[in-house]
Amino acid sequence: MKRILKITFIVTALTLFFASCVKDLNTTPINPKLITPDNAYSTAAGYKQVLAKCYAGLSVSGQQGPAGNPDIAGIDEGFGEYLRGYWYHQELTTDEAVISWNDQTIHNFHSQTWGSGDVFIAAMYYRIFYQISLCNEFIRESDDSKLDSRGITGQDKINVQNYRTEARFLRALSYYHALDLFGNVPFVTENDAPGKFFPPQKSRADLFAYVESELKAIEPAITAARANEYGRADKGAVWTLLAKLYLNAEVYTGTPRYTDCITYCNNVIGAGYTLDPKYKNLFLADNNTSPEIIFPIEYDGNHTQTWGGTTFVICAAIGGSMKPADFGVSGGWGGTRTTKPIVQLFYPGLKNGLYTSPTPPKSPKAYPVVYCPGSYQGWDPTNTKTVIASKGSDSKYEGYLYMANTNQQFKFCTTPSWDHNYGGTNWTLVPNGDNISVADAGYYKVNIDTVALTYSVVKTTWAVIGDATPGGWSNDTPMVYDPTSNTWTVTVDLTAGTLKFRANGGWDINYGDNGGTGILVEGGANINVPDAGTYLITLKLGIPDYTYILKMNPYDHRAMFWSDGQSLEINDIGVFTDGYAITKFRNVTSAGVAGSNPTYCSTDFPLFRLADVYLMYAEAVLRGGGGGSAAQALGYVNAVRERAYSDKAGDITSAQLTLPFILDERGRELYWECVRRTDLIRFGKFSTSTYVWPWKGGVKNGISTESFYNLFPIPSSDVSANPNLKQNIGY
């Protein structure tokens, strides 16, 4: 089980002592118990419990989980959870995500038509400032004078001082989110004594300076990188947040700070973090063991239960033909998918979908069968996997049998017993006759006619051929047989055109598809390949019906899409099967074991990780930052891509390393990790007509939107309540 900071109910009552700032932001903290600060903060252990609540403010929304005793009254605990709200703002507003639900104003996010009364924007805003209030209270109660007055000395005092730096980091993180999402916001610190007052508004540039100064102030004191408990902030987290701050400085203040970004990226890179060998492991239920994650938001299915967090990220993405059990959960919510431009980051030029072959029926027709017991399967006449079938429901039976070893023998039984069996010799069936023998191991096409009393056994190897294949109509592209799945496969680069399947390098045995049904017919029509690309081609013979699948299959293992039964185009956002689903996050460990709870997920959210830092370094170099190296930038980008491709096939050259490439690579590496909105704004592609995607502006093909959407509005309720606040332009 994961080790997480223990959260206890002692911290719930502390909301009484910092309620004033949050109340002025039109929220109502819940106070189920009355515990004084002197009780709560009487020991170093008590301080750690309150610090746990500061961390828990990022992952849960109340005191009991998943709902029923919320931190903030009047806000649904599901969408009011910190990460879920942040994900909405950073993902649903971009090309990376749509959601099928029609909850209140949620569709306004993707269409970029939100306003100052939006409930989801208010939920994120109040959650940010609730989190800031939690941290302010802890910081206020942990200064040296308070510790001395409570008799906390020696190592205990040192421990609490360390906790204080972490609380300051968490406050800086939330102010960074406020800076990025809302720009000009109310500002309160530990120096503002509890009591009703109207917080002043701080400009975006001034808030940038504050976050920068706070992070630099705690940098010397906070625990060394990779030396703290997992899930707690350290120097690595401070440096990464500073790098993010500086990368976006030109957006926030008008002044670029790319040299500073490079400095702090170098600090992180030099601290000993390493890329996780397997990309997929970063998003599984045991990702707490990853050497790449710098700062996560922690989740545990039994101890941090919420309808937000990675429970939302995972469950909302499951629907259609997807099986929830494959994702370690008991059910899917049928909500979130992605748009075609994100799929095209991995499949350039894709127009018609990953599955270019029709989907065969889920329940194939059942035809009369003949059983084929033999030495290759233990002489078992009841084995239903070693049968041939009569597609015409007549005397003629056909199928394919795999003989793994040489010198095998077999017979035919018309029932799953030896009562009515046939042997044979010289292609003639004989009731109760001699065993039929094959000398070579291999995959055999077997035909019998129980009226004409004939049989044939032909060893086959399979290939694809056609003008879509590398060999054209002259040369086969061989396929490989997998006895476990009983399929033939090949991964091959195809052009737009047609192909067929044929055996043994000739046309005596070949299959096509006459009706576009996904079911193969001997001698059938050529199969259409509409788009050029790399395909995984699968041929499944065995017994009729014979089927095939043509699926685009990039070498980039980061492409985690569910396309079976899903359309590439989104004609209706409210229909889950419109748009490809994302399979990136799962409540399953790297060993394939489901998380501790099938309802609430145990997968941590990697808020900061090394690959992001590598890409930030490369971007800052390309944007002219000093102290970096173009060669090193290329090396970092190729390290990320070599992990994605499992080899150097995805490496790029220095000429290919451009800013547009970096934006696309960040999309490939970091999709659904809450960076896309910030990235698109930094690249000038979030609003206006510089880049449109499906349903941007509320139109199927996407249209221009106003640039003021680069910032969210301050909730109208707070503007009305606080005379110091001025609404963001455009709202």
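Residues numbered from 1 in each chain as written. Predicted model: local features only at pLDDT ≥ 70, side-chain atom pairs only at ≥ 80, totals over all residues. Heavy atoms only, no water.

A. Up close: helix α15 (residues 610-622). In this model, α15 (13 residues) spans 19 Å end to end at C-alpha, consistent with the 18 Å of a helix rising 1.5 Å per residue. Within α15, 12 of the 13 residues are buried, leaving the element largely enclosed by the surrounding structure. If you check which residues of α15 are buried, you get Leu610, Ala611, Asp612, Val613, Tyr614, Leu615, Met616, Tyr617, Ala618, Glu619, Ala620 and Val621. Directly beyond the C-terminal end of α15, a positive phi value near 100° is found at Gly624. (Helix = DSSP H or I, 4+ residues; strand = E, 2+ residues; numbered from the N terminus. Expected span 1.5 Å × (residues − 1). Buried < 20%, exposed > 50% of the residue type's maximum accessible area, 1.4 Å probe, protein only.)

B. Highlighting the sheet that holds strand β26 (residues 533-540). What the four strands build is an open sheet, ordered β20-β21-β26-β27; its pairing is antiparallel. Edge positions in the sheet fall to β20 (480-482) and β27 (547-552), since each of these pairs with one other strand and no more. Across this sheet, the average inter-strand angle for adjacent strands is 25°, counted without regard to direction. Two elements, β26 and β27, share six bridges in a ladder whose sense is antiparallel. Bridge pairing links Lys540 to Thr547 in β27. (Pairing = 2+ DSSP bridges. Axes fitted to C-alpha atoms, helices over the stretch in contact; angles between N-to-C directions.)

C. How the structure looks around the packing of aromatic side chains. Taken as a whole and judged by the stated rule, the model has 60 aromatic pairs. Considering the side-chain rings of Tyr400 and Trp462, the 6.1 Å spacing of their centres and the 65° angle between planes classify their relative orientation as edge-to-face. Residue Tyr400 is found in strand β10 (residues 396-403), and its partner Trp462 is found in strand β18 (residues 462-465); the two are separated by 62 residues along the sequence. Residues Tyr400 and Tyr546 carry aromatic rings whose centres are separated by 5.5 Å and whose planes lie at 75° to one another, so their mutual orientation is edge-to-face. With a gap of 146 residues between them, Tyr400 in strand β10 and Tyr546 in the loop between β26 and β27 connect regions that are remote in the sequence. Using a relative accessible area of 4% as the deciding quantity, one classes Tyr546 as buried. A cation sits over an aromatic face here: Arg502 above Trp507, 4.7 Å from the ring centre. Here the basic side chain of Arg677 rests over the ring of Phe686, its NZ or CZ set 6.0 Å away from the ring centre. (Phe/Tyr/Trp six-rings, centres within 6.5 Å; stacked < 30°, edge-to-face > 60°. Lys NZ or Arg CZ within 6 Å of the ring centre and 35° of its normal.)

D. Here's a closer look at unusual backbone geometry. Cis geometry marks the peptide bond from Gly65 to Pro66; its omega dihedral reads -5°. Within the secondary structure, Pro66 is located in the loop between α3 (44-56) and β2 (72-73). Put simply, Pro544 and Asp545 share a cis peptide bond, and its omega is 5°. With respect to the helices and strands, Asp545 occurs in the loop between β26 and β27. For Trp427, which is not glycine, the phi torsion reads 70° and is therefore positive.

E. Region of the structure containing helix α8 (residues 154-181). Between its first and last C-alpha atoms α8 spans 41 Å; for 28 residues at 1.5 Å apiece the expected length is 40 Å, and the two agree. Taken across its 28 residues, α8 has 21 buried, putting it largely inside the fold. Once α8 finishes, Gly183 follows within two positions and takes phi at roughly 80°, a positive value.

F. Here's a closer look at the environment of Pro277. Its place among the elements puts Pro277 in the loop between α12 (258-269) and β6 (293-297). Along the primary structure Pro277 and Pro291 are separated by 14 residues, whereas in three dimensions their C-alpha atoms are 9.0 Å apart.

Don't take any of this as a statement about function, it's just geometry.
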